[in-house]
Structures are given as structure tokens and as C-alpha cells.
Amino acid sequence: MAVYSARQLHGLRVIVTGGGTGGHTYPALTTIRTLRARLAEAGAEPDVLWVGVAQGLEARVARQEGLPFRAITTGKLRRSPNRQELWRNVTDAFRIPIGVLQAMATVLRVRPHVVLSTGGYVSVPIGLAAWLARRPLVMHEQTLTLGLANRVLALVASRVLLSHASTLGRLSKRAQARAVVTGNPVRPDMLAGDPAAGRAAYGLEPDLPLVFVTGGAQGAVQVNTMVAEVLPDVLQRCQVLHQCGEYSLARMRQVAAELPTHLRDRYRVVDYIHGQLPDVLAAADIVVARSGAGTVAELTALGRPAILIPLVPTSGDEQRQTARYLAESGAARMLTGPDATGDALRAELLTLLDDAQRRHALAEAARHHGRPHAAAAAVAELIDAARRGRPPRN
């Protein structure tokens, strides 16, 4: 990372945009937190404004973080619309120019030294406004593929930050020249988990292999159904901690109650894991999960053996493509389509539980793909873009 003086970093003005989902919002938040910490080392503090949609996740996250937030109007263009969504595409198409005008006014008023965009349709107006106002735009892509918004912004961005090296081939030649693979920012606390604390928090045995199952914060009915089928067999050889989501909690508690008495203490089911997640991931011998961008970034940064069950379909089929990429690299196992069955999950779990060497190989391959310092790399690019494009002081 280049070294900059406090004078160079003082008064750094940043507009951040990106949201709609956690996959876009949390990498932006992690990057801004890392930027604050980086500047604090030099005795400086950035002036940050988050721009997004009033009802979006980004508005709530910015408020919780104590960041100034400005809402703009924008629209989403759906790539494969049905009849109802086709009409929404038409109406949203008229909203986008309004959002660009609002974004332009914001950029001209704030005069940021750099704009950070992490994707989602909300990022397009601010990204285009930054380009029109000749302000450096640094965009970040979390997935293996390029989202529609980022395909547009990659044409005008000063710097294109990628999570995966294989995404380079999906860019134009001009965009490739401005691209760098940083990885997907992972919260520092996710990398500092305590395995003993993770097991103790849920009353788990210290010496029995632990399988952690998660379908994300909301849970995943498909994953929960598969797990319910395999518990009586896999609990003979391990213990399972299952984040099932609020919707499925009652059902999975009933599944737990119907387990043989000698196996019940080996199964812990909760709706959501809060602050203990870093400790739980550190303790897990095997993780069963979806293959969203954030989840994959955490699992590879930590080097966790994983069985990935991608959500299909997702926009652009990102989850399945990501899971397949890791599986073909020997960095994860994948169950999708007709292979996503209880029988297949049982076979995968029992094979991995019986073969520590195979688990180790998966973990090492996953770690090879991980980029635990992605947030620091993104911040370095952000500061460098601001330095190169920063206008002289008045």
C-alpha cells in the first residue's frame, strides 16, 4: 500500500453508493470502515456521504453507522421481465434520468475527491454523475459475473475492482486496463474468530466434529429440507449447528424433537446467529451454505471446507457460477439441480467426516482463492484514485 501523509489524507471527501441487497451494501460498509481506520492512523478522518434509495438497506445501514445519507430517485431495469415487470421497466426507465439529475446535483455540491460504487441499480446515477463531473469513480464487483449496473459503470470507471481473477475476461479491453483484483471485502472480525468460544456459545462438544449449516440470515427452505433428511445419519459422526431462519424455526425444532434421544444433544438449531458468527465459522469443520458473494468471500478467506448449495435461479445465475468455479478448482463441493438432494448431501457429509485429509485439501484450495486483505486493497485503490484525480485546493 502506498504511504500518504496526513496532509494528503486530510479532508478526503468520499461519496459511496451501492445497495439494494446485503451483497452490495456490506462490502461498501466494510470498505468505509477500513478507510476510516486507515486515515485515523494518519490523524485524519474522511468526509463520507452515502447516496442510495430511501427505503433501501443502505439507508438503514448508513443510519446505524452514523453516516450522512442522501436519497435519490432511481429505477431498476430487469433483464428477463415478465409482463408485469415489463411495465415496471417502462416506468422505471423514466425514473433513471431523474435520479441522474439528482445525483449530478449531489456530486456538484459535495465535490467528492472520489466516488465508491459497489453495485446495485442505485449505483448507476451516482456513477454516471461522477463520470460527467470528471470525478474519479472506483467501482467494485462482488460476483464472478458482472451485474448489469456494473457492466455500465465499468465503461466509465477510473478503477474497476474485482473479487475474482476470472472476471477479467468478462470486461472490455479498455476496462481490463483499469481493473485490479482485490477480492471481496470481509469484515476484520470475521477473520478473528475463537473456535472454543464458538462451541461454548452453543453448548457444543469440544472434540466432536462440527458441521455448521446456514442458508443466510433468512434461512433457506431447500437447505433446511435436505438437512432434516440427513440428521439421523450424520449425527452419528458429528454435531450440527443449524442457522435455519425465522420462517423454518418451528419446523426444525419439531425435527429436533423427533430425533432419537441419544442424538438430540448433537443438534442445535437457531433462527439467526448474531455476534458469534466469526467464532462459529472458526470452529466449523464443514460448512453447508449457499454460495452468495459474501458467504464465499468469508469461507475462502478463512479456508473452510464447504458444501455449497447455490440459490437457483438468481439474477445472472451468479451463485451457481461461483459454486461451480470453486468446485472445479477443488475449493468446495457443490450440490445443485438434480444433485441437490438429501441423499447427495448425506453422501458428501459422511465422506468428508470420514476423510480428514480430503477436508484439509478443500480448506487449502479454498484458502488459495481467499483474499482476507480485500478491504485494505480496496482502500488503497480508493485513496490512490482520489490522489490522482483530486482537484487543487481553492
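Before going into details, it helps to say that this report is about the structure given with it. Only a predicted model underlies this, so the values are computations on that prediction, with no experimental measurement involved. (Residues numbered from 1 in each chain as written. Predicted model: local features only at pLDDT ≥ 70, side-chain atom pairs only at ≥ 80, totals over all residues. Heavy atoms only, no water.)

### So, the sheet that holds strand β11 (residues 286-289)
Line of reasoning, step 1. Reading across the sheet, the six strands line up as β10-β9-β8-β11-β12-β13 and stay open at both edges, with parallel pairing between neighbours. On the outer flanks of this sheet lie β10 (267-270) and β13 (333-334), each paired with one strand and no other.
Line of reasoning, step 2. Of the strands in this sheet, β8 (210-214), β9 (239-243) and β10 are in contact with helix α9 (residues 221-234), which crosses β9 at around 165°. (Pairing = 2+ DSSP bridges. Helix = DSSP H or I, 4+ residues; strand = E, 2+ residues; numbered from the N terminus. Contact = heavy atoms within 4.5 Å. Axes fitted to C-alpha atoms, helices over the stretch in contact; angles between N-to-C directions.)

### Focus: the pairing of strand β5 (residues 137-141)
Line of reasoning, step 1. A large share of β5 lies buried, amounting to five of its five residues.
Line of reasoning, step 2. Of the two faces of β5, the one holding L137, M139 and E141 and the one holding V138 and H140 are both buried throughout.
Line of reasoning, step 3. As paired strands, strand β4 (residues 114-117) and β5 are joined by three bridges and run parallel to one another. In the sheet register, V115 faces β5, and the bridge partner there is L137.
Line of reasoning, step 4. Handedness of the crossover joining β4 and β5 through helix α5 (residues 123-132) is recorded here as right-handed.
Line of reasoning, step 5. Sheet topology places β5 next to strand β6 (residues 159-162); four bridges connect them, and they run parallel. The residue of β6 that forms the bridge with E141 is L162. (Buried < 20%, exposed > 50% of the residue type's maximum accessible area, 1.4 Å probe, protein only. Right-handed = clockwise from strand over helix to strand, strands pointing away.)

### Some words on the state of the cysteines
Line of reasoning, step 1. In the structure shown here, the tally under the stated rule is zero disulfides.
Line of reasoning, step 2. Between C238, a free cysteine, and C244, which holds the nearest cysteine sulfur, the sulfur-to-sulfur gap is 17 Å.
Line of reasoning, step 3. For C244, a relative accessible area of 1% puts it in the buried group. (Disulfide = S-S within 2.5 Å.)

### Describing the nonpolar core
Line of reasoning, step 1. Formed by 35 residues in total, the largest nonpolar core has its most connected members in V211, V240, Y267, L345 and L349.
Line of reasoning, step 2. Breaking this core down by element, the ones donating at least two residues are β8, α9, α10 (249-257), β10, β11 and α15 (342-354).
Line of reasoning, step 3. No other element matches the seven residues that α9 contributes to this core.
Line of reasoning, step 4. Contacts of Y267, omitting those with residues within four sequence positions, involve L231, L235, V240, H242, M252, A256 and L259.
Line of reasoning, step 5. Counting residues in hydrophobic clusters, the runner-up holds 28 residues, among them L204, L241, L302 and A306. (Core = buried A, V, L, I, M, F, W, Y, C linked by side-chain atoms within 4.5 Å.)

### Describing the environment of V100
Line of reasoning, step 1. With respect to the helices, strands and loops of the structure, V100 is situated in helix α4 (residues 83-110).
Line of reasoning, step 2. In this structure V100 comes out as buried when scored by relative accessible area, which is 17%.
Line of reasoning, step 3. Distance from V100 to P310, taken between C-alpha atoms, is 34 Å for residues 210 residues apart in sequence.
Line of reasoning, step 4. Among residues more than four places away in sequence, those in contact with V100 are P125 and L128.

### A few points about the packing of α9 against α15
Line of reasoning, step 1. Following both chains from N to C, one finds α9 and α15 inclined at 40°, their axes separated by 8 Å at the closest point. By the angle class used here, α9 and α15 are oblique. Regarding α9 and α15, the two cross each other, and that crossing is right-handed. From α9, M226, V227, E229, V230, D233 and V234 reach across to α15, where they touch G342, D343, L345, R346, L349, L350 and L353.
Line of reasoning, step 2. Within the contact of α9 with α15, the residues separate by chemical class into eight nonpolar, one polar and four charged. (Parallel < 35°, antiparallel > 145°, perpendicular 65-115°, else oblique. Left-handed = near helix turned anticlockwise from the far one by under 90°. Nonpolar A, V, L, I, M, F, W, Y, C, P; charged D, E, K, R; others polar.)

### Quick word on the environment of M104
Line of reasoning, step 1. Within the element layout of this structure, M104 appears in helix α4.
Line of reasoning, step 2. Between the C-alpha atom of M104 and that of L132, which follows or precedes it by 28 residues, the distance is 8.0 Å.

### Digging into the packing of helix α2 (residues 22-41) against helix α17 (residues 374-389)
Line of reasoning, step 1. In contact at an axis separation of 9 Å, α2 and α17 are set at 70° when each is read in the N-to-C sense. The angle between the axes of α2 and α17 places the two elements in the roughly perpendicular class. Residue-level inspection shows T30, T31, T34, L35, R38 and L39 of α2 in contact with α17, the latter providing A375, A376, A378, V379, L382 and I383.
Line of reasoning, step 2. Broken down by class, the residue content of the contact of α2 with α17 amounts to eight nonpolar, three polar and one charged.

### Quick word on unusual backbone geometry
Only a minority of non-glycine residues have a phi that is not negative, and only a minority of peptide bonds are not trans.
Line of reasoning, step 1. One non-glycine residue with positive phi stands out, namely R111, at about 50°.
Line of reasoning, step 2. Relative to the helices and strands, R111 resides in the loop between α4 and β4.
Line of reasoning, step 3. With a relative accessible area of 30%, R111 lands in the partly exposed category.
Line of reasoning, step 4. In this structure, R134 takes a positive phi of about 55° despite not being glycine.
Line of reasoning, step 5. Mapped onto the fold, R134 is located in the loop between α5 and β5.
Line of reasoning, step 6. Owing to a relative accessible area of 75%, R134 belongs among the exposed residues under this scheme.

### Description of the pattern of salt bridges
Line of reasoning, step 1. Under the definition given, this model contains 14 salt bridges.
Line of reasoning, step 2. Linking R320 and D317 is a salt bridge whose minimum nitrogen-to-oxygen distance equals 3.0 Å.
Line of reasoning, step 3. Taking relative accessible area as the criterion, R320 reaches 23% and is therefore assigned partly exposed.
Line of reasoning, step 4. By relative accessible area, which is 18% here, D317 ends up buried.
Line of reasoning, step 5. One salt bridge in this structure joins E364 and R367, with 2.5 Å as the shortest N-O distance. Placement of both E364 and R367 in helix α16 (residues 356-369) is noted, with a separation of three residues, approximately one turn of the helix.
Line of reasoning, step 6. Residue classification places E364 among the partly exposed positions, given a relative accessible area of 38%. (Salt bridge = Lys/Arg side-chain N within 4 Å of Asp/Glu carboxyl O.)

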